[in-house]
Amino acid sequence: MRIGIVTHLTTDKSAGIGTYVSSLVEHLQLIDKENQYFLFTFSGNKNQFKITNPNFKEIRTKGFGERIKRRNVFRLKYYLWSKFVLPRWCKRLELDVVHIPSTWFVDKIANTKQVITIHDLAEFYTNRYSALLGNVKKRMVDSAIRESDALITVSNFSASEINGIYNTGNKSRKVIYNGLTENNIAHEDTDVKKVLQKFNVSPKKYFVFIGTMQKHKNVPNMLRAFHSIVPDFPDVKFLIAGRLDNGYDEIKNVIDDLGLQENVIISNYVSSVEKAVLLQNTIAFAFVSQYEGFGFPVLEMQSMRVPVIISDGSSLPEIAGSGALSVPYANIEEIANAMKRCINDGEFVAAVTDAGTKNLSRFSWFDAAEQTLQVYSDVVHTKTGGQGYPKKNT
C-alpha cells in the first residue's frame, strides 16, 4: 500500500494530537517495513518526526512558513491546501489511502481512500470554543462522518458520542486506544529543591493541574473544593500551570473572590524537567475535567505513580480503570473529600496507584499502530467506502 499521513494540525508544542501522530508514526516504522508511507509536514513541525525507515518519506509542503502566527490564518491556509493541493499530491504519489489524524473538512479524493481519527466531540458538549468556531468545528465533524471511508476513535466513550449524534451507516469504525508515551523523568542530578523553590511549593504540600486553561477543564470547581480544605490544611497549595485560554478569566476571578492569592500559584509555562519534578513531588494531580475524549494525563500520572483525581464522566473512568479517585465534576464537596483522602489516607492512595500501574498494560502504541495499519488495509481492499449521514435535529 501507498499511505499518506497529514500532520499539519500537529506541532511539537501540541499535547494530545501531537503525541498521537508522532507516537503513531514512530511505531508504524517499527512494525511495517513493506508499505510505502508519505508524511505531509510543514516548517512548523519539521523537527517532530524522526524518519528512520527507507519506506517512509517526508513531503515538506510549502506555504506554511513559521511566520504564520495567527491560528485562524493557518487554518484558512490549511483548508485551501487540503481542498485543492492534497488531492493533487494523492494523484501524483498514487496514494491508496490518506490518514487525517484529527477532525477536519473532508472531500472525496478520486482513487484514494480517507481515514479520519475523531478524538472527541467537544464542540457539541462543551463551551471549549466560541460560538462561531464551535459551529465550524461541528461542520468539520459532519464532513468527516459523511465523506471519509473509515473512522478511528480513541475511546468507547467517543465512539458512543458519535453514534449518539450520527448514523454512521456501513462506514468502517474502529476504537483504537492511544498508547502510553514514555515520560521525561527528572534525572538524578536535577536540582529538585531549586525547581520547587521556583514555584514556591514544598514536597507533598501541593496539588497540581498542568494543562491548557480551558473552560471544560473545570479548574474553578477544583479551586472551590481546594478552598474548602484550606482551613484544615493551611500549608497546602494548589499549582496551576499551562497555556492561558478561555477559562483563565474565571480561574482568576475565583482566586480573587475566595481570597486564595497566597495559596494558589499560576504559571503559564513549565519545562519538561520542571514538570517531572512537580509531578513527582505533588500530593495528587487534579484532573476533574468536564469532558475528555481520552485523557493522556491519566496514563502519564499512573506511569509515574502519582495519585490522580478524575471526574466520573466522559472517557476518564474508561481510561483510568480503578487506578484513580473518581468524583462528579460539579460536586465541590466530593472533590474536596478526594483531596482530603489524598492527604490523609496513605494506604488507600497506595492501593489506587498500584491499580494504576496495572491498568497501563491496556495501552500500547505497538497495538495502536498494528490496529491502525489494519484499518488502512481493510479500507483499501474494500471496493467502496461506507457512507455516513448526520442524524436529524443535530
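In this text the structure is predicted, and so the values were computed from the model without any measurement.

Caption draft 1: Here's a closer look at the packing of aromatic side chains. All chains considered together, the criterion is met by 18 aromatic pairs. Relative to tryptophan 89, the ring of phenylalanine 40 lies with its centre 6.0 Å away and its plane at 65 degrees, an arrangement referred to as edge-to-face. Remark: tryptophan 89 occurs in helix 2 (residues 71-93) and phenylalanine 40 occurs in strand 2 (residues 36-41); sequence separation between them is 49 residues. There is no split in this pair, since phenylalanine 40 and tryptophan 89 are both buried. Taken together, Phe40, Tyr78, Tyr79, Trp81, Trp89, Trp104 and Phe105 form an aromatic cluster joined through their ring pairs. The side chain of arginine 341 reaches across the aromatic face of phenylalanine 348, ending 3.6 Å from its centre.

Caption draft 2: Spatial organisation of the packing of helix 1 (residues 16-31) against helix 14 (residues 365-380). One can describe the packing of helix 1 onto helix 14 by two numbers: an axis separation of 8 Å at closest approach and a directional angle of 80 degrees. In terms of orientation, helix 1 and helix 14 fall into the roughly perpendicular class. Judged by residue contacts, Thr19, Tyr20, Ser23, Leu24, His27, Leu28, Leu30 and Ile31 of helix 1 engage Trp365, Phe366, Ala368, Ala369, Glu370, Thr372, Leu373 and Tyr376 from helix 14. Classifying every residue of the contact of helix 1 with helix 14 gives 11 nonpolar, four polar and one charged.

Caption draft 3: Focus on the pairing of strand 12 (residues 284-287). Across the two faces of strand 12 the burial is the same, with Ala284 and Ala286 and Phe285 and Phe287 all buried. With two bridges connecting them, strand 9 (residues 206-210) and strand 12 associate as parallel partners. Bridge pairing links valine 208 to phenylalanine 285 in strand 12. As defined by bridge partners, strand 12 adjoins strand 13 (residues 308-311) across three bridges and the pair is classed as parallel. Residue pairing across strands places phenylalanine 287 opposite isoleucine 310, the latter belonging to strand 13.

Caption draft 4: Local environment of the environment of isoleucine 51. Tracing the chain through its elements places isoleucine 51 in the loop between strand 2 and strand 3 (56-60). On the basis of relative accessible area, isoleucine 51 is assigned to the partly exposed category, the value being 30%. As for isoleucine 51 and leucine 39, which are separated by 12 residues in sequence, their C-alpha atoms are 9.4 Å apart. Excluding residues within four positions of it along the chain, isoleucine 51 makes contact with Gln29, Leu39 and Phe56.

Caption draft 5: Representation of the packing of helix 7 (residues 219-229) against helix 12 (residues 332-344) in the model. Close contact between helix 7 and helix 12 brings their axes to 8 Å; oriented N to C, the two are set at 60 degrees. It follows from the interaxial angle that helix 7 and helix 12 lie oblique. As for the relative orientation of helix 7 and helix 12, their crossing is right-handed in sense. Across the interface between the two elements, Asn221, Met222, Arg224, Ala225, Phe226, Ser228 and Ile229 from helix 7 touch Ile332, Ile335, Ala336, Met339, Lys340 and Ile343 from helix 12.

Caption draft 6: Here's a closer look at the sheet that holds strand 2. Ordered in space as 3-2-1-4-5-6-8, the seven strands form an open sheet in which the pairing is parallel. The outermost strands of the open sheet, each flanked by one partner alone, are strand 3 and strand 8 (172-175). Taken over all neighbouring pairs, the strand axes of this sheet differ in orientation by 20 degrees on average, direction set aside. As paired strands, strand 1 (residues 2-6) and strand 4 (residues 97-100) are joined by three bridges and run parallel to one another. Residue pairing across strands places isoleucine 5 opposite histidine 99, the latter belonging to strand 4.

Caption draft 7: Representation of helix 2. With 23 residues, helix 2 should reach 33 Å at 1.5 Å per residue; the first-to-last C-alpha distance of 29 Å falls well below that figure. The sharpest bend along helix 2 reaches about 45 degrees and sits at serine 82. Summarising the contacts, the buried residues of helix 2 are in contact with strand 1, strand 2, strand 3, strand 4 and helix 4 (131-147).

Caption draft 8: Representation of a nonpolar patch on the surface in the model. Together, Leu76, Leu80 and Phe84 give the surface a local cluster of nonpolar side chains, amounting to about 300 Å² of exposed area. Positionally, phenylalanine 84 belongs in helix 2.

Caption draft 9: Seen up close, the pattern of salt bridges. For the coordinates displayed, the defined rule picks out 13 salt bridges. For lysine 217, the salt bridge is made with glutamate 292, and the minimal N-O distance between the two is 2.7 Å. With lysine 217 in the loop between strand 9 and helix 7 and glutamate 292 in the loop between strand 12 and helix 10 (296-303), this residue pair connects regions lying 75 residues apart in the sequence. Here aspartate 345 and arginine 341 are joined by a salt bridge, their closest N and O atoms 3.3 Å apart. Judged by its relative accessible area of 25%, aspartate 345 falls in the partly exposed class. The partly exposed category is assigned to arginine 341, whose relative accessible area is 38%.

Caption draft 10: Inspection of unusual backbone geometry at higher detail. Positioned with a positive phi, glutamate 94 is a non-glycine residue whose angle comes to about 55 degrees. Note on placement: glutamate 94 falls in the loop between helix 2 and strand 4. In this structure glutamate 94 comes out as exposed when scored by relative accessible area, which is 57%. At asparagine 218, a position not held by glycine, the phi torsion is positive, near 70 degrees. In this structure, asparagine 218 sits in the loop between strand 9 and helix 7.

The rules we used
Residues numbered from 1 in each chain as written. Predicted model: local features only at pLDDT ≥ 70, side-chain atom pairs only at ≥ 80, totals over all residues. Heavy atoms only, no water. Phe/Tyr/Trp six-rings, centres within 6.5 Å; stacked < 30°, edge-to-face > 60°. Helix = DSSP H or I, 4+ residues; strand = E, 2+ residues; numbered from the N terminus. Buried < 20%, exposed > 50% of the residue type's maximum accessible area, 1.4 Å probe, protein only. Lys NZ or Arg CZ within 6 Å of the ring centre and 35° of its normal. Axes fitted to C-alpha atoms, helices over the stretch in contact; angles between N-to-C directions. Parallel < 35°, antiparallel > 145°, perpendicular 65-115°, else oblique. Contact = heavy atoms within 4.5 Å. Nonpolar A, V, L, I, M, F, W, Y, C, P; charged D, E, K, R; others polar. Pairing = 2+ DSSP bridges. Left-handed = near helix turned anticlockwise from the far one by under 90°. Expected span 1.5 Å × (residues − 1). Bend = angle between axes of the 7 residues up to and from the residue. Patch = residues over 30% accessible without salt bridge, like charges linked within 9 Å, V, L, I, M, F, W, Y side chains within 5 Å. Areas by Shrake-Rupley, 256 points an atom, 1.4 Å probe, with all protein chains shown as cover. Salt bridge = Lys/Arg side-chain N within 4 Å of Asp/Glu carboxyl O.

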